[in-house]
Amino acid sequence: MTKIHILDTTLRDGAQSEGISYSIADKLRIAQALDELGVDYIEAGNPTANPKDIEFFERLSKVKLKNAKLAAFGSTCRKNSQPDTDAAVQAIIRANTPVAVIFGKSWDLHVADVLRTTRAHNLGMIGSTIAYLKAKGKEVVYDAEHYFDGYKNNCEYALSTILAAARSGADCIVLCETNGGAFPSEVAEITAKSRKHLAENGFPAIEFGIHCHNDSGCAVANTIAAVEAGATHVQGTLLGFGERCGNAALSTLVPSLELKMGFECLPKGYIKALTDICVRVADISDVKLKKQLPYVGKSAFAHKAGMHADGVIKNSHSFEHIEPSAVGNRRRFLISEMTGRSAVLEKLESVFPGLSRESPELSLILEKVKEMESYGYSFENATASFVMLAKKIMGMYTSTFELVNYTVIAESSANDPYNRAVIKIRINGVDDIFAADGTGPLNSLDCALRKALTKYYPVVDSIRLINYKVRVLENDKSTSSKILVLIDSTDGEETWTTVGVSGSVITASWIALVDSLEYKIMAISSASAISSASA
């Protein structure tokens, strides 16, 4: 297989994305995650950009990486200096990385209007900087900035810039689609012609690379087009972070190149860690991994329509382009009013082993889901509430308690808001009243209910509410709209989601809260019963 060298620039180009701000600790963790993934190069940033990057390079030099080479990024020397005295070039030397990524101007517009120098002098800056770094023992990757715009404006000059880099000893010439406006057909044609030009001028074996931005939504497609035209070095950011609309996403590119096109991108077997590492990097970046991200997103192999779910259950290739496990992801069947019998059966067969397509309960479950979704419920992510609903229909639900009534008091003052919940519940035929204060209506209800249940069900102590979402379902009705509440809970080992819908946010919260606690209580009770029967 042809080897494609992967350079990740999350720590440099990705850090320039709006809303992204990495601490030094964040950068070190991301570098280690990328190394675990098996990329060939980690572009760690510009060692002259700011004091944080300088310190980062110092600390990173002490980290032992297993797979990746570290690269420092910077520009060619300035027009009025030489490499041996240029501050930026000397900073790259001090960064002490084995690889230097140097960018230079390929578009004559930039030479005239940004650098404000001559074309000939720009060629000298490119050549002298690369030659100097090579003499210092560096592997040099030359990024030809704005190459495709430059080529379309003045192809002869653009070609002369990469020829100057090749003649000066660059190990790899990277064509940069910096403005992100080109299309795959243009990228393929220009890449092929540029490779041919260097081959005709004595450099048939020099490595070509590609670096694309996503301003026209074509970064991944443009990168693949360049690879098809002979590029064997690919640059991008793991999750597509980057300036403006971002960079080509390696989370999409790597599996496409490796699993579909037969290229070798990562060490053998490493691609199975892709989803996990993408989740980790998103978490470190303090962003939620996009559900619809190809290959690694939560929705990448999620099936909602009944026909799709039925097809996948019978033959996964009918509606999936790869096996989810190939990239460490998993298949999911979503429950909704569009769900078919096959998806419901697949979702419940581990809970109800005797359930079959012919079971009358299956039809009742489907009908109830449609009825509740028409009212406003959404079971797509609230699997725990769906299981509780199925248990009730299957006659397997035993109420852990009976609510007699509850009252929630919420007061505002000049100091702190005051919330108190008082609930009256019946357990084993005995009525009792419990009260608790909280930071809000839901918290006070939660605290009061826990007081009541912990005595009978100790597992309640281990359950924590970790997320609470409120959604208005009927915007046109303003404050009289129905409210949907989603609650994420965990016991430290399992995480589950429940849903409640009502015209009252407190009632909707109560419904979701009760489902959350009863889901775990019943699971523990079932496990205990099975254990006792086995004994």
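Computed from a predicted model, the values in this text were never measured in an experiment. (Residues numbered from 1 in each chain as written. Predicted model: local features only at pLDDT ≥ 70, side-chain atom pairs only at ≥ 80, totals over all residues. Heavy atoms only, no water.)

**Q** Looking at this structure, how should I read the overall build of the protein?
**A** Secondary structure summary: the protein contains 17 helices and 16 strands in total. Principal-axis analysis of the C-alpha atoms gives the protein an extent of 90 × 60 × 55 Å. The proportion of buried residues among the 535 residues of the protein is 51%. Restricting the contact set of the protein to residue pairs at least 6 apart, pairs at least 24 apart contribute 66%. Of the roughly 24200 Å² of accessible surface on the protein, a fraction of 51% belongs to carbon and sulfur atoms. Counting 57 positive and 62 negative side-chain charges, the protein places the averaged centre of each group 2 Å from the other. (Helix = DSSP H or I, 4+ residues; strand = E, 2+ residues; numbered from the N terminus. Buried < 20%, exposed > 50% of the residue type's maximum accessible area, 1.4 Å probe, protein only. Contact = heavy atoms within 4.5 Å. Areas by Shrake-Rupley, 256 points an atom, 1.4 Å probe, with all protein chains shown as cover. Lys, Arg positive; Asp, Glu negative; His and termini not counted. Charge placed at Lys NZ, Arg CZ, Asp CG, Glu CD.)

**Q** Teacher, can you tell me more about the packing of aromatic side chains here?
**A** The way to describe two aromatic rings as a pair is by their centre distance and the angle between their planes. All chains considered together, the criterion is met by 10 aromatic pairs. Summarising the aromatic geometry, the rings of Phe401 and Trp510 are spaced 6.4 Å apart at their centres and angled 85° between planes, so their arrangement reads as edge-to-face. In this pair, Phe401 sits in the loop between helix H15 (383–393) and strand E11 (402–411) while Trp510 sits in helix H17 (residues 505–534), placing the two residues 109 residues apart along the sequence. Take Trp510: its relative accessible area is 7%, and that puts it in the buried class. Taken together, Tyr375, Tyr377, Phe379 and Phe386 form an aromatic cluster joined through their ring pairs. Directly above the aromatic system of Tyr157 lies the positively charged group of Arg119, at a separation of 5.9 Å from the ring centroid. Geometry around Tyr397 places Lys392 over its ring, the cationic atom sitting 5.0 Å from the centre. (Phe/Tyr/Trp six-rings, centres within 6.5 Å; stacked < 30°, edge-to-face > 60°. Lys NZ or Arg CZ within 6 Å of the ring centre and 35° of its normal.)

**Q** Explanation requested: the sheet that holds strand E12 (residues 418–427) in the structure shown.
**A** As a general point, the strands of a sheet are linked pairwise by backbone hydrogen bonds and lie either parallel or antiparallel. What the three strands build is an open sheet, ordered E11-E12-E13; its pairing is antiparallel. Of all strands in the sheet, those with a lone pairing partner are E11 and strand E13 (430–438), marking the two edges. The mean angle between the axes of side-by-side strands here comes to 10°, regardless of whether they run parallel or antiparallel. Inspection of the sheet shows E12 paired to E13 by nine bridges, in the antiparallel sense. Opposite Ile423, over in E13, you have Phe434 as the bridge partner. Against the sheet, helix H16 (residues 441–454) touches E11, E12 and E13, its axis set at about 35° to E12. (Pairing = 2+ DSSP bridges. Axes fitted to C-alpha atoms, helices over the stretch in contact; angles between N-to-C directions.)

**Q** What exactly am I supposed to notice about the pairing of strand E8 (residues 233–236) here?
**A** Every regular strand shows the same layout, with side chains that alternate between the two sheet faces. With burial as the criterion, each face of E8 is covered, one bearing His233 and Gln235 and the other bearing Val234 and Gly236. Relative to E8, strand E1 (residues 5–8) runs parallel, the two being bridged by four bridges. In the strand pairing of E8, Leu7 is matched with Gln235. Pairing of strand E7 (residues 207–212) with E8, which is carried by three bridges, proceeds in the parallel orientation.

**Q** I'm lost on the packing of helix H7 (residues 155–167) against helix H8 (residues 184–200) in this one. Help?
**A** In helix packing, the relevant descriptors are the interaxial angle and the interaxial distance, both defined with respect to the helix axes. Axis separation between H7 and H8 bottoms out at 10 Å; the angle between their running directions is 50°. Comparing the axis directions of H7 and H8 gives the class oblique. Between H7 and H8 lies a crossing whose hand is right-handed. For the pair H7 and H8, the contacting residues are Leu159, Ile162, Leu163 and Ala166 in the first and Ser194, His197 and Leu198 in the second. Classifying every residue of the contact of H7 with H8 gives five nonpolar, two polar and no charged. (Parallel < 35°, antiparallel > 145°, perpendicular 65-115°, else oblique. Left-handed = near helix turned anticlockwise from the far one by under 90°. Nonpolar A, V, L, I, M, F, W, Y, C, P; charged D, E, K, R; others polar.)

**Q** Looking at this model, I keep getting lost on the nonpolar core. Mind explaining?
**A** Grouped burial of nonpolar side chains is what soluble globular proteins tend to show. Ranked by internal contacts, the top residues of the largest apolar core, which has 86 residues, are Tyr147, Ile162, Ile173, Val234, Leu238 and Leu239. When residues of this core are assigned to their parent elements, the largest contribution, seven residues, is made by helix H1 (residues 24–37). Ile365, Tyr377, Ala436 and Leu453 belong to the second-largest nonpolar core, a separate cluster that totals 54 residues. (Core = buried A, V, L, I, M, F, W, Y, C linked by side-chain atoms within 4.5 Å.)

**Q** Which parts of the structure should I look at to understand the pattern of salt bridges?
**A** If you walk through the whole model with that rule in mind, you get 24 salt bridges. Its salt-bridge partner being Lys520, residue Glu494 comes within 2.9 Å of it at the nearest N-O pair. Highlighted residues: Glu494 in the loop between strand E15 (483–490) and strand E16 (495–502) and Lys520 in helix H17, separated in sequence by 26 residues. Lys520 gets classed as buried once you look at its relative accessible area, which sits at 6%. A single salt-bridge network, built from bridges that share partners, covers Arg12, Asp13 and Glu43. (Salt bridge = Lys/Arg side-chain N within 4 Å of Asp/Glu carboxyl O.)

**Q** Any chance you could explain the sheet that holds strand E4 (residues 99–105) here in plain terms?
**A** The parallel closed barrel is built from eight strands, whose spatial order is E1-E2-E3-E4-E5-E6-E7-E8. The mean inter-strand angle of the sheet, taken between neighbouring strand axes irrespective of direction, is 25°. Pairing of E1 with strand E2 (residues 41–45), which is carried by two bridges, proceeds in the parallel orientation. Paired with Leu7 across the strands is Tyr41, a residue of E2. Each of E4, strand E5 (139–145), strand E6 (172–177) and E7 touches H7; the most contacted strand, E6, lies at about 155° to it. Each of E6, E7 and E8 touches helix H9 (residues 219–228); the most contacted strand, E7, lies at about 170° to it.

**Q** In this structure, what is going on with unusual backbone geometry? I would like to understand it.
**A** Note on backbone geometry: most residues besides glycine have negative phi, and most peptide bonds are trans. We note that Arg116 has phi near 55°; this positive angle belongs to a residue other than glycine. In this fold, Arg116 is placed in the loop between helix H4 (108–115) and helix H5 (119–135). Look at Arg116 and you get exposed, because its relative accessible area is 64%. In this structure, Tyr295 takes a positive phi of about 70° despite not being glycine. Topologically, Tyr295 is positioned in the loop between helix H11 (274–284) and strand E9 (302–303). Judged by its relative accessible area of 4%, Tyr295 falls in the buried class.

**Q** For this particular structure, what's the right way to read the environment of Val287?
**A** Residue placement: Val287 occurs in the loop between H11 and E9. The partly exposed category is assigned to Val287, whose relative accessible area is 30%. Val287 sits 42 residues away from Asn329 along the chain, and the two C-alpha atoms are 19 Å apart. Not counting residues up to four positions away in its chain, the partners in contact with Val287 are Ile20, Phe241 and Ala282.

**Q** Teacher, can you tell me more about helix H14 (residues 360–375) here?
**A** Structural remark: α-helix, 3.6 residues per turn; residues separated by three or four positions point the same way. Given a rise of 1.5 Å per residue, 16 residues ought to cover 22 Å, and the 23 Å separating the end C-alpha atoms of H14 matches this to within 8%. On its buried face, H14 is in contact with helix H13 (341–348) and H15. Where H14 ends, the next residue or the one after it, Gly376, has phi of about 140°, a positive value. (Expected span 1.5 Å × (residues − 1).)

**Q** Explanation requested: a nonpolar patch on the surface in the structure shown.
**A** A surface patch of nonpolar side chains, amounting to about 280 Å² of accessible area, comprises Leu465, Tyr468, Val470 and Val505. One can find Val470 in strand E14 (residues 464–472). (Patch = residues over 30% accessible without salt bridge, like charges linked within 9 Å, V, L, I, M, F, W, Y side chains within 5 Å.)

**Q** Help me understand the environment of Lys298, please; the structure alone is not making it clear to me.
**A** Mapped onto the fold, Lys298 is located in the loop between H11 and E9. The exposure class assigned to Lys298 is partly exposed, which follows from its relative accessible area of 43%. If near-sequence neighbours (up to four positions away) are discounted, Lys298 is found in contact with Lys290, Lys291, Arg332 and Asn381.

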